[in-house]
Structures are given as C-alpha cells and as structure tokens.
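Each chain is listed here by its residues.
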Amino acid sequence: MSEVVPSGKAGLPAANVATASGAVAAQTEPDMKGWLLKWTNYLKGYQKRWFVLSKGVLSYYRSKGSMMQCIRAPRSPTRLNTPPDMKKDRKKHKKNQAEMTHTCRGTISLHGALIHTVDSCTFVISNGGTQTFHIKAANEVERQSWVTALELAKAKAIRAMESDEEEEDTAANTIPSEELNLVVRELTFRLENLKTCYDLITKHGATLQRALSELESGDDLANKTKIVSERATLFRISSNAMINACSDYLQTAQTQGHKWSKMLQHERDQKLHLEEMVEQLARQHSHLEQAAHRHRPNATASASDDEDNEFYDAQEEGGSVASQEDSSFILKIPVAHHRRNSNDATGSSSEGEEGNSETQQVLVVTDNLDNMDMTDRISVNSSQALTPTLSNNNQSTKVARRRRTRVPDKPNYPLNLWSIIKNCIGKDLSKIPIPVNFNEPLSMLQRLTEDFEYSEILDKAAQCKDTCEQLAYVTAFTISSYSTTSNRTGKPFNPLLGETYECDRTDDLGWRCINEQVSHHPPMAAQYCEGRGWRCWQEFTMTSKFRGKYIQIVPLGYAHVEFPATGNKFTWRKVTTTVHNIIVGKLWVDNHGDMEIYGEKSAKGVKCHLKYLPYSYFTRDTQRRVKGVVMDNSNQVKWVINGTWDSKIEIAPVTSTSGSAENPVYKTGNYKTAWSRRLPPTDCDKYYNFTILACQLNEPEPNVAPTDSRLRPDQRLMEDGKWNESNGEKLRLEEKQRARRREREAEAEKAAAEGRPYPPYEPVWFSKQQDEGTDSLVHVFKGTYWDAKTKQDWSKCPDIF
C-alpha cells in the first residue's frame with residue numbers, strides 16, 4: 001500500500017481540525033473527510049484521494065479519470081503544497097458522489113481495526129489482513145488529531161455494534177402488538193403531563209399579565225411591560241402548538257399501529273420461512289453429499305442408509321501416500337513469488353490489486369519407489385515423545401514431572417447448534433455469543449500451543465546443514481499443526497484482553513512458550529516459543545464468517561521460525577479452515593488453500609510453495625492431500641513435499657530435471673518420513689478428542705501468572721463438567737471486560753476534550769515494534785516473563801478474572 005501524504009490542511013479540512021483535536025468528544029460521532037495525496041511513480045506523480053470517516057467506517061476514493069494502479073511507493077515521499085482550488089474540487093466531488101461510489105478503493109470498519117503510530121507523523125490503520133492504510137500527517141499535532149478521532153470512532157463503533165446486537169435480541173423476544181401498545185401508553189402519559197404543564201403556564205401567564213398591567217404608569221416601564229407581555233403571549237402560542245403537535249403524533253401512532261403490527265408480523269413470518277428453507281436446503285445438500293460419497297470412484301465403503309444425517313470421510317486415519325499414483329503429481333506454482341514489503345505489511349494491498357495470476361506447471365516423478373530408505377524414517381514419529389523421560393544434567397539423573405494423560409469425560413448436554421447461531425449468518429465467528437456447551441475446555445492461547453506437539457521436527461531441522469532440506473522439515477512442521485483438526489470440532493474459549501498462557505516443557509520436550517492476548521477488537525494473540533536450536537513466534541488473528549451450512553476461518557498474521565546457528569529465518573501464513581455440516585449431520589473439518597513459506601536473512605530467496613487440496617467427492621486423489629516443492633534462490637526445485645495433513649508427510653530430494661523450462665519434469669529419490677501423526681487414545685471421543693498434549697495443557701500448575709488461562713474460572717468449571725455454572729461465569733467475565741473497556745473509553749474521551757494524548761492499551765509481556773523490512777508494527781516478546789516468574793513479581797498483571 002502506498003503512503004498517503006496529507007498536504008498541510010489538505011488532508012484535514014479547517015472545519016474538521018477542531019473536531020479531530022478536541023471537540024470530537026462532544027460529538028455523537030466524529031466525522032472527518034478531505035482530499036489526501038497518494039504518490040505513484042507510474043506516468044504521473046501524485047493522485048488525489050478523498051478520505052471519509054463516517055459511521056465507524058474509514059474509506060477512500062480515487063478521483064475519476066485517474067484509473068492507474070499504484071505500483072510502488074518511495075520510502076520518503078515528497079510533500080506537496082495545498083491543492084490550488086479545494087472549493088472547486090469539493091464541489092466537483094459532491095456532483096460526482098454517485099460516481100465515486102464505484103471508484104472506492106478501500107474501506108476499513110473501525111470496530112475491528114488496528115491503529116498503530118509508526119513515528120511522529122505516520123500512522124497505520126489495518127483490519128488485520130485485507131486492508132491497510134499508511135497515512136502520513138503534516139506534523140505531530142495533526143497526526144495525533146487523526147489518531148484520536150479514529151480511536152474514538154472505533155470505540156463508538158464497538159458500542160453501536162453491541163447495542164445493535166442487544167436490540168436484535170430484545171426485538172426477537174418481543175411481540176410487535178405489545179410493543180406498540182407500550183409506546184402508545186407512554187405517549188399518552190407524556191401528553192397528559194404536557195397538558196398539565198400548559199394549564200399551569202396559562203394560569204401563571206394570566207396572573208403575570210394582570211400584575212404587569214398595573215405597572216403601566218411610566219413610559220419606560222410601560223414599554224418593558226409590553227415587551228414582557230408579548231413574549232408571554234408568544235410562549236403561550238408556542239406551548240399550544242407543541243400540544244397540537246403531540247396530539248397529531250399520538251393520533252398518527254394510533255392510526256398506523258395496525259399497519260405497523262402487520263408489517264412486523266410479515267417480516268417475522270418471512271424470517272421464519274427463510275430459516276426453514278435454509279435448513280431444508282442443508283438437509284438436501286447433505287443427502288446429495290452422501291449419494292456422491294457412496295458413488296465415488298475410490299470410495300472404500302458406503303455410508304449406511306439409516307444414518308441420513310451422518311457424514312463420514314472415506315479416507316481412513318493413518319493412510320499412506322507411498323503409492324506410485326500419489327507420489328507422482330502435477331503442481332502449479334506462481335511464476336512471481338509473493339513477498340511482504342512496506343506496501344503490503346499484511347499480505348494484501350489496500351489498493352485491492354490482484355496478484356500475479358501466471359503459474360508454472362511442474363511434474364514430479366518418483367523413481368525406485370520400492371527401494372524406500374527405511375532408515376530415514378527416524379524417531380520423529382515416536383509415540384513416547386510426550387511421556388516422562390530421563391535427562392542427564394551434570395551427570396545426575398532427573399525424572400521429569402509426571403503429567404496427566406486425560407481430562408474428565410464430557411457430559412451429555414444435547415443442544416442444537418443451528419437454533420443458536422441461525423440468527424448470526426454473515427457475522428464474525430468471534431462476535432457470536434455461543435454458550436460453553438459447544439466449546440472445549442481450552443482457550444485459544446492453549447490451542448495455539450498445540451502447534452508445537454511435534455516440535456521434534458524443528459529439532460531435526462536445526463541439525464540440517466542444507467538450507468533447502470531445512471525448509472523441507474519446517475514445511476512438515478507447519479503441516480503437523482493441522483493434525484488435530486480432523487476430529488476436533490469444539491470451539492476454544494475466546495481469551496480475555498490481557499490473558500496469558502505459559503507452557504514450560506523444557507525438561508521433557510525441550511521447549512517453552514508464552515502467549516498473551518494483546519488485542520480484543522480485533523482479537524489478536526502474540527506467541528513466542530524457544531526450543532533446541534530454534535525459536536518461533538507469531539501473531540495470530542483471524543476473520544471468520546458463518547455462511548449457513550459451514551463456518552469458514554481465515555487466519556491472518558504471520559508465523560516465523562529462526563535457527564540462530566545458521567541465521568536462517570522462515571515465514572508463513574496459515575491456510576483456510578472450514579467447518580462443515582453446521583445445520584445437520586456430523587461436523588467435519590477441512591483445511592485448504594495455498595501456503596507460501598519463504599526464507600529471510602541467510603535463507604533469503606529460498607521458498608516453498610505448498611498446496612492443501614480441498615475435499616472433493618469426485619476425485620481419485622487421496623483426500624486431505626498436501627503437495628509442494630522447495631525451491632532455491634534460483635527457482636530450481638530441490639525437495640518435494642507429499643502426504644496428508646492428518647496422517648503423514650514425506651519428503652524427497654530432486655535427483656534430476658528434464659523437460660522444457662515452461663513445463664519441467666523433476667525426478668526424485670527415495671521418500672523419507674518427515675512427520676507421522678501420533679494417534680490419540682482410542683477412547684478420546686469421551687473427552688473432546690484430546691491428544692495427550694491437549695490433556696496436559698490445562699493441568700493446574702503452581703507459580704504461574706494470575707492472568708494464566710489455567711486460572712480462568714469458567715474454563716475450569718467446564719472441564720469439571722459444571723456447564724451451567726461455567727456459562728454464568730463466562731457472562732460475568734465478559735461483562736467485567738466490557739466495564740474495563742468502557743472505563744478506558746471514558747478516559748480517552750476526557751483526554752481528547754482536554755487536548756492531551758491518551759496512551760492506548762499496551763500488553764504486559766509483548767511490545768509493538770516495527771517489523772524488519774516493513775512499515776508494519778508487530779508484537780515482539782520483551783523477554784521479561786520468565787524473570788518475573790522466577791521472582792514471582794506479577795505486579796504488572798491486570799485483574800481480569
């Protein structure tokens with residue numbers, strides 16, 4: 001995204017300067033608009049951009065006749081003077097307002113936006129991934145005015161969103177005719193009060209006029225008295241007009257009441273009819289899926305006819321890819337590698353421009369498949385990785401802590417998920433008030449920690465000398481984090497702002513990590529983990545939508561792993577996850593999309609293109625298939641990735657290349673297993689399909705921070721099977737969080753009214769820093785948590801539970 005450079009007051013019109021600097025707190029909603037200038041180095045220099053902040057949405061438009069796309073922005077854009085004829089431009093804008101609707105180049109809804117201050121004049125607004133605006137003000141005062149107005153607009157947008165949801169819930173439980181009667185009765189009562197006030201005004205007005213008429217002996221006094229009398233008469237006339245207006249309003253309400261009731265009842269009937277249609281379509285779709293599943297060319301078994309509402313996957317767990325058909329494949333990879341830069345801090349441009357659609361098709365062929373190198377199937381898939389082990393420390397034997405291997409069984413509370421979320425179609429999943437009955441007794445912070453269940457793959461990668469081979473193992477590690485999603489359909493608890501989770505498994509697994517919820521709108525978690533010869537960190541946020549029959553979750557933010565011994569660093573973003581059969585049938589999860597893992601620092605230029613194939617009923621290919629290639633800095637394929645994300649990943653080196661440059665053919669050597677899934681216990685369906693590591697994540701542990709997820713009362717009550725009490729605690733914690741947010745908003749408005757800056761919320765264990773090589777701000781671990789734990793100094797922790 002190119003930098004946006006306001007020119008003096010061009011970006012903030014004079015009428016709005018006071019609004020942004022202080023008076024904004026007195027308004028119901030801050031509105032700002034004006035021309036900004038954006039630099040492009042294509043054909044022309046600066047282009048005009050019309051920015052509008054209204055109703056909690058920041059949007060900008062590109063003037064008609066300037067349709068070129070922004071290619072690249074300079075690091076330090078040159079400032080221009082104010083455009084010569086702003087009045088003419090604004091008049092033209094008003095005339096072409098309808099046209100500019102079609103030239104809108106980007107919008108950001110502030111209720112889920114991130115607002116970062118980069119330096120004294122520059123700030124960044126992002127919604128987490130799809131839109132990012134880089135704006136540079138003329139000076140620090142103007143920058144603070146913009147940031148203050150945007151922060152207050154964000155707070156008001158959040159309040160408006162929550163009030164709208166409360167009104168929807170209230171309206172859904174209110175009979176229209178009863179609501180109308182309440183309104184009419186209220187209007188009648190207010191009218192009677194006004195009539196009483198009018199009688200008093202008339203009585204006292206007449207008394208005042210008689211008293212004043214007796215004082216008309218003097219000229220000056222007579223003139224004053226006449227003026228007072230005229231004003232009293234006007235007051236009486238105005239009061240009479242007010243009564244007449246109220247009477248007309250009441251009469252109109254009574255006359256139109258029947259029509260309103262009919263309209264509301266019609267809308268309610270239409271809503272119920274639509275819900276029935278959606279549910280019926282979902283059932284028909286489910287039947288078609290089962291029919292397609294039974295007639296699939298490679299179906300191993302057919303579904304039972306008496307289980308019409310059940311869906312079962314054809315691919316059995318633990319299936320192998322060691323077949324000639326699956327080990328040889330065709331893959332399309334992008335010609336131009338997508339890389340993050342200062343204009344695209346979140347992986348997508350706010351200009352809305354599309355990426356390079358050109359692809360190259362490569363064919364991978366495996367030779368000597370029958371001569372598999374079994375010695376390469378190393379102990380990374382050992383089933384003993386999570387059991388207590390012995391470690392040699394200064395030649396003394398130390399027994400690791402014995403941890404639990406299961407959690408209490410899940411109680412049987414039958415509920416219909418469709419009955420709860422059918423009114424939430426199109427909304428963000430994190431905004432849907434779902435009871436704990438559909439949760440699992442883990443928070444999202446703990447669920448993120450499960451990514452390191454197979455950390456031994458990173459241990460193996462740290463020992464690799466070849467950069468491409470190291471990236472192949474890193475790729476296997478990224479795939480392993482999806483292994484538990486095949487049968488885990490429970491929703492994790494949404495962390496509270498300031499909630500943390502630590503997991504110190506240095507003694508047995510060789511790594512420790514710390515997570516913190518650093519933002520609530522949008523929800524964002526920061527994580528840092530360090531292991532044997534590697535360190536990994538990520539910012540996790542997501543956007544999610546409920547589409548009726550399925551829920552789609554699109555992760556945002558990037559994950560990184562670095563190997564200090566070689567200086568190699570690799571970065572990636574997770575793929576899309578879809579939960580199917582929300583309305584009817586058995587829930588099942590699919591992961592699909594393209595993943596790019598690219599090297600930085602010493603590994604710059606090395607990359608991996610990975611493709612997660614979506615589930616299909618009409619393919620002979622293995623379900624849940626993942627295939628990809630590792631390429632060096634000259635775009636030559638060096639390693640091949642092949643397998644399934646729920647079972648096993650195998651890698652193989654490329655031995656020879658043939659074919660043309662446009663359609664190369666790569667022959668590989670023997671495959672070796674980089675990752676193999678450890679199957680959970682056979683009775684895990686009784687306790688949320690947890691793996692052994694998942695059972696240990698919420699195990700009580702002493703000396704943790706008071707904000708740790710293990711101490712969250714509603715989550716602990718749910719694990720103990722007390723779901724009713726857990727729902728009550730969940731409501732209490734959410735209301736406590738809203739109260740804290742309202743306090744911060746009130747303090748921010750007070751600071752804005754006084755013309756002083758108000759510092760935004762800052763995490764305790766992470767800090768915002770500029771990402772290396774970009775203009776984006778990321779949360780970086782401060783490194784102080786483990787020292788605070790050693791000293792048991794939790795004075796900085798907020799009271800959230």
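What counts as what
Residues numbered from 1 in each chain as written. Predicted model: local features only at pLDDT ≥ 70, side-chain atom pairs only at ≥ 80, totals over all residues. Heavy atoms only, no water. UniProt positions renumbered as here; feature names shortened; annotations may be inferred. Helix = DSSP H or I, 4+ residues; strand = E, 2+ residues; numbered from the N terminus. Buried < 20%, exposed > 50% of the residue type's maximum accessible area, 1.4 Å probe, protein only. Contact = heavy atoms within 4.5 Å. Areas by Shrake-Rupley, 256 points an atom, 1.4 Å probe, with all protein chains shown as cover. Pairing = 2+ DSSP bridges. pLDDT = per-residue confidence, 0-100. Core = buried A, V, L, I, M, F, W, Y, C linked by side-chain atoms within 4.5 Å. 1 Å grid on protein atoms, 1.4 Å probe; cavity = no way out; pocket = protein on both sides within 12 Å on 5 of 7 lines; lining within 4 Å. Points joined across faces, edges and corners; volume = space filled by probe spheres on them. Nonpolar A, V, L, I, M, F, W, Y, C, P; charged D, E, K, R; others polar. Salt bridge = Lys/Arg side-chain N within 4 Å of Asp/Glu carboxyl O. Polar contact = N/O pair within 3.5 Å; in protein donor to acceptor, adjacent residues only side chain to side chain. Expected span 1.5 Å × (residues − 1). Phe/Tyr/Trp six-rings, centres within 6.5 Å; stacked < 30°, edge-to-face > 60°. Lys NZ or Arg CZ within 6 Å of the ring centre and 35° of its normal. Disulfide = S-S within 2.5 Å.

- An unreviewed UniProt entry lists the protein chain under the name Oxysterol-binding protein, with Aedes aegypti as the source organism.
- Word for word, the UniProt comment on the protein chain under Sequence similarities (unreviewed entry) is "Belongs to the OSBP family."

### Overview of the overall build of the protein chain
For step 1, the next point in the chain: Across its full length, the protein chain holds 15 helices and 31 strands.
For step 2, the next point in the chain: Within the protein chain, buried positions represent 49% of all 801 residues.
For step 3, the next point in the chain: Considering only contacts in the protein chain between residues 6 or more positions apart, those separated by 24 or more positions represent 65%.
For step 4, the next point in the chain: Within the structure as shown, the protein chain displays about 38,800 Å² of accessible surface, and the carbon and sulfur contribution to it stands at 51%.

### A closer look at the pairing of strand E29 (residues 672-676)
For step 1, the next point in the chain: E29 sits mainly inside the fold: 5 of its 5 residues count as buried.
For step 2, the next point in the chain: Direction of pairing for strand E27 (residues 648-659) relative to E29: antiparallel, over a ladder of 4 bridges. Across the sheet, glutamate 650 pairs through a bridge with threonine 673, a residue of E29.

### A look at the confidence of the model for the protein chain
For step 1, the next point in the chain: Put simply, the protein chain has an average pLDDT of 74, and 68% of its residues get 70 or more.
For step 2, the next point in the chain: In the model, residues 92-102 has pLDDT below 50 throughout and makes 8 contacts with residues more than four positions away in sequence or in other chains.
For step 3, the next point in the chain: Between residues 341-356, whose pLDDT stays under 50, and residues either more than four places distant or in other chains, the model counts 50 contacts.

### A closer look at the pairing of strand E17 (residues 524-531)
For step 1, the next point in the chain: Counting buried residues in E17 gives 6 out of 8 residues, a clear majority hidden from the surface.
For step 2, the next point in the chain: Summarising the sheet, strand E16 (residues 511-519) and E17 pair through 7 bridges and their orientation is antiparallel. When the sheet's bridge partners are listed, isoleucine 514 is paired in E17 with tyrosine 528.
For step 3, the next point in the chain: Where E17 and strand E18 (residues 534-546) come together, 7 bridges link them in antiparallel fashion. Bridge assignment links alanine 525 to a residue of E18, and that residue is phenylalanine 540.
For step 4, the next point in the chain: As consecutive antiparallel partners, E17 and E18 are separated by 2 residues, and within that stretch glycine 533 has a phi angle of approximately 80°, a positive value.

### Regarding the nonpolar core
For soluble globular proteins, the rule of thumb is that nonpolar side chains tend to be buried together.
For step 1, the next point in the chain: Core analysis: the biggest nonpolar cluster contains 64 residues, and Val474, Trp534, Val561, Tyr612 and Ile641 have the highest contact counts within it.
For step 2, the next point in the chain: Broken down by element, the residue count for this core peaks at 8 residues, all from helix H11 (residues 467-480).

### Describing empty space enclosed by the protein
For step 1, the next point in the chain: In the structure shown here, the tally under the stated rule is 6 cavities of 30 Å³ or more.
For step 2, the next point in the chain: Of the pockets and cavities examined, the largest cavity occupies roughly 90 Å³.
For step 3, the next point in the chain: In terms of lining residues, the largest cavity is bounded by Asp451, Phe452, Phe477, Thr478, Ser481, Gln527, Cys536, Gln538, Ala559, Trp572 and Lys574.
For step 4, the next point in the chain: Listed by contribution, the elements that provide at least two residues to the lining of the largest cavity are H11 and E18.
For step 5, the next point in the chain: Class assignment for the residues of the lining of the largest cavity results in 5 nonpolar, 4 polar and 2 charged.

### A short note on the pattern of salt bridges
For step 1, the next point in the chain: Under the defined criterion, the tally for this structure stands at 34 salt bridges.
For step 2, the next point in the chain: With a closest N to O distance of 3.3 Å, arginine 738 and glutamate 735 form a salt bridge. Taken together, the residues span about one helical turn, with arginine 738 and glutamate 735 both in helix H14 (residues 723-753) at a distance of 3 residues.
For step 3, the next point in the chain: Owing to a relative accessible area of 29%, arginine 738 belongs among the partly exposed residues under this scheme.

### Quick look at the side chain of arginine 404
For step 1, the next point in the chain: Topologically, arginine 404 is positioned in the loop between strand E12 (396-399) and helix H8 (417-421).
For step 2, the next point in the chain: Side chain to side chain, arginine 404 and glutamate 719 meet in a polar contact 3.1 Å long.
For step 3, the next point in the chain: Once you skip the residues sitting within four places of it in the chain, arginine 404 turns out to touch Cys695, Gln696, Asn698, Glu699, Pro700 and Glu719.

### Concerning the environment of asparagine 181
For step 1, the next point in the chain: Tracing the chain through its elements places asparagine 181 in helix H5 (residues 176-213).
For step 2, the next point in the chain: A sequence separation of 73 residues divides asparagine 181 from glutamine 254, and the C-alpha atoms of the two residues are 9.1 Å apart.

### Some thoughts on H11
For step 1, the next point in the chain: Between the first and last C-alpha of H11 there are 20 Å, a value that for 14 residues agrees with the 20 Å anticipated at 1.5 Å per step.
For step 2, the next point in the chain: Counting buried residues along H11, 13 of its 14 residues qualify, which places the element largely inside the surrounding structure.
For step 3, the next point in the chain: Its side-chain oxygen placed 3.3 Å from the backbone nitrogen of cysteine 468, aspartate 466 serves as the N-cap of H11.

### Side note on the packing of aromatic side chains
Geometrically, a pair of aromatic rings is defined through the distance of the ring centres and the angle of the planes.
For step 1, the next point in the chain: Under the defined criterion, the tally for this structure stands at 14 aromatic pairs.
For step 2, the next point in the chain: Geometrically, the ring pair formed by tyrosine 482 and tyrosine 612 is edge-to-face, given 5.4 Å between the ring centres and 70° between the ring planes. Of this pair, tyrosine 482 sits in the loop between H11 and strand E14 (491-493) while tyrosine 612 is found in strand E24 (residues 607-612), placing the two residues 130 residues apart along the sequence.
For step 3, the next point in the chain: For tyrosine 612, a relative accessible area of 0% gives the class buried.
For step 4, the next point in the chain: Between tryptophan 588 and tyrosine 615 the ring centres are 5.1 Å apart and the planes differ by 65°, which places this aromatic pair in the edge-to-face class. Taken together, the residues tryptophan 588 in strand E23 (residues 588-601) and tyrosine 615 in the loop between E24 and strand E25 (625-631) connect sequence positions 27 residues apart.
For step 5, the next point in the chain: Given a relative accessible area of 5%, tryptophan 588 falls into the buried group.
For step 6, the next point in the chain: By the ring-pair criterion, three or more aromatic residues cluster together here, those being Phe452, Phe477, Trp511 and Trp534.
For step 7, the next point in the chain: A cation over an aromatic ring shows up here: arginine 573 above the ring of tyrosine 558, its NZ or CZ 4.8 Å from the ring centre.

### A few points about the state of the cysteines
Here is the idea: a disulfide is a covalent bond, and it sits between the sulfur atoms of two cysteines.
For step 1, the next point in the chain: With the rule as written, the count across this model stands at 0 disulfides.
For step 2, the next point in the chain: The cysteine cysteine 684 is free of any disulfide, with cysteine 695 supplying the nearest cysteine sulfur at 8.6 Å.

### A look at unusual backbone geometry
For step 1, the next point in the chain: Residue proline 522 is reached from histidine 521 by a cis peptide bond, and omega for that bond is 0°.
For step 2, the next point in the chain: Within the fold, proline 522 resides in the loop between E16 and E17.
For step 3, the next point in the chain: The residue arginine 624 is not glycine, and still its phi comes out positive at about 60°.
For step 4, the next point in the chain: Note that arginine 624 resides in the loop between E24 and E25.
For step 5, the next point in the chain: Phi at tyrosine 688 is positive, roughly 70°, even though this residue is not glycine.
For step 6, the next point in the chain: For tyrosine 688, the location among the structural elements is in the loop between E29 and helix H12 (692-697).
For step 7, the next point in the chain: Look at tyrosine 688 and you get buried, because its relative accessible area is 7%.

### Quick notes on the environment of glutamate 469
For step 1, the next point in the chain: Looking at the secondary structure, you find glutamate 469 in helix H11.
For step 2, the next point in the chain: Of the residues examined, glutamate 469 reaches a relative accessible area of 18% and is grouped as buried.
For step 3, the next point in the chain: Dropping the residues within four chain positions of it, glutamate 469 is found in contact with Cys464, Trp639 and Lys672.
For step 4, the next point in the chain: Of the polar contacts made by the side chain of glutamate 469, one reaches the side chain of lysine 672; its length is 3.3 Å.

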